[in-house]
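Each chain, written out:
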Amino acid sequence: MAKTVFITGATSGFGKAMTHRFSREGYRVIITGRRQSRLADLEKELNAQDCAGVKTLCFDVLERKACFEAVASLPKDWQMIDLLINNAGLAAGRDLFEEALLEDWETMIDTNIKGLLYITRAVIPLMVRQNRGHIINIGSIAGKEVYERGNVYCATKAAVDALSQAMRADLLRHQIKVTAIHPGAAETEFSLVRFKGDPEKAAKVYEGYTPLSAEDIADITFYTAS
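Note that the structure is predicted; figures quoted are calculated from it, not measured.

**Thoughts on the nonpolar core**
Moving on, step 1. One finds F6, F59, L74, I81, I119, V123 and I135 to be the most contacted residues of the largest nonpolar core, which totals 27 residues.
Moving on, step 2. Of all the secondary-structure elements, those providing two or more residues to this core are α3 (64-72), α4 (102-130), α5 (151-171) and β6 (176-181).
Moving on, step 3. No other element matches the 8 residues that α4 contributes to this core.
Moving on, step 4. The residues touching I119, leaving out its near neighbours within four places in the chain, are F6, T8, F59, V61, C67, L84 and N86.
Moving on, step 5. Core analysis: the next-biggest nonpolar cluster, separate from the first, contains 26 residues, A10, F14, M18 and A214 among them.

Here it is, written out as structure tokens:
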């Protein structure tokens, strides 16, 4: 049977590029996201390319109950998950610490840390049962090097780095590998989301250099998994 990969935040950016890459390499893909229409469009694209199999789960990683219910809803033949890619994440705002919105901080913490924890905790029992698996957490260079106006976003990505190391230690006895990938600046919808839909502010982030692409991150993720 083809290997199965579970990808969070699959409808745009890194997640969408990863979905196409792993599907082309013969994986069955479980794709998740908040937007049902985007999931449906992506499913059609994959089916048109004769993929090994695709399963969609529509929910928001911020909602703990929804995360566990989504994983529990998987049919038995989709529960043999070989690879979990915790890709869902975002930045909200780029403000000085004393001016930042508490709502932005909470959204980043709930998505980048708690959402990753919920999904991982829901999927791990399936991997433990088969005594194998691989978890790839998508962090950021921001978790290694803090920058001005990055404050809580940087903190959440530092947490992803620490959690990845903790998972690696705790899950070793179950033959589950854990990898963290920390991309630098990449041009996707990331900055557009960060600046709440302002295209001019989003474009300024990449002035003066050529950023990474979503396909670059998909390539290194597949390389790591293989």
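**Observations regarding the sheet that holds β6**
Moving on, step 1. Ordered in space as β3-β2-β1-β4-β5-β6, the 6 strands form an open sheet in which the pairing is parallel. At either margin of the open sheet sits one strand with a lone partner, and together these are β3 (54-58) and β6. Averaged over all pairs of adjacent strands, the angle between their axes in this sheet comes to 15°, without regard to strand direction.
Moving on, step 2. Sheet analysis places strand β1 (residues 4-7) next to strand β4 (residues 83-86), joined by 3 bridges and oriented parallel.

**Some points on the packing of aromatic side chains**
Moving on, step 1. Taken as a whole, this structure holds 4 aromatic pairs when the rule is applied.
Moving on, step 2. Where F22 meets Y27, the ring centres are 5.0 Å apart and the plane angle is 90°; that geometry is what we call edge-to-face. Across this residue pair, the class does not change: F22 and Y27 are buried.
Moving on, step 3. Judged by centre distance (5.4 Å) and plane angle (70°), the ring pair of F22 and F222 falls under edge-to-face. Here F222 lies in helix α8 (residues 214-225) and F22 lies in helix α1 (residues 13-24), a separation of 200 residues in the sequence.
Moving on, step 4. Aromatic ring contacts, followed pair by pair, group F22, Y27 and F222 into a single cluster.

**Remarks on α4**
Moving on, step 1. With 29 residues, α4 should cover 42 Å at 1.5 Å per step; its first-to-last C-alpha distance of 41 Å lies within 8% of that length.
Moving on, step 2. Helix geometry: α4 is bent most strongly at K114, by close to 35°.
Moving on, step 3. Residue N131 follows α4 closely and has a positive phi angle near 55°.

**Examining α3**
Moving on, step 1. Buried within α3 we find A66, C67, A70 and V71. What you see down the axis of α3 is that its buried residues fit within an arc of 125°, all on one side. In α3, the exposed positions that point more than 90 degrees away from the buried face belong to R64, K65 and A72.
Moving on, step 2. Buried positions along α3 lie against β1, β3 and α4.

**Quick notes on the packing of α1 against α8**
Moving on, step 1. Contact pair α1 / α8: the axes reach a minimum separation of 8 Å and the direction vectors enclose 50°. The orientation of α1 with respect to α8, classified from their angle, is oblique. As α1 runs across α8, the sense of the crossing is right-handed. Residues G13, F14, A17, M18, R21 and F22 of α1 touch α8, and the partners they reach there are A214, E215, I217, A218, D219, T221, F222 and A225.
Moving on, step 2. Taken together, the residues that form the contact of α1 with α8 break down as 9 nonpolar, 2 polar and 3 charged.

Rules and cut-offs
Residues numbered from 1 in each chain as written. Predicted model: local features only at pLDDT ≥ 70, side-chain atom pairs only at ≥ 80, totals over all residues. Heavy atoms only, no water. Core = buried A, V, L, I, M, F, W, Y, C linked by side-chain atoms within 4.5 Å. Buried < 20%, exposed > 50% of the residue type's maximum accessible area, 1.4 Å probe, protein only. Helix = DSSP H or I, 4+ residues; strand = E, 2+ residues; numbered from the N terminus. Contact = heavy atoms within 4.5 Å. Pairing = 2+ DSSP bridges. Axes fitted to C-alpha atoms, helices over the stretch in contact; angles between N-to-C directions. Phe/Tyr/Trp six-rings, centres within 6.5 Å; stacked < 30°, edge-to-face > 60°. Expected span 1.5 Å × (residues − 1). Bend = angle between axes of the 7 residues up to and from the residue. Arc of directions from axis to C-beta. Parallel < 35°, antiparallel > 145°, perpendicular 65-115°, else oblique. Left-handed = near helix turned anticlockwise from the far one by under 90°. Nonpolar A, V, L, I, M, F, W, Y, C, P; charged D, E, K, R; others polar.

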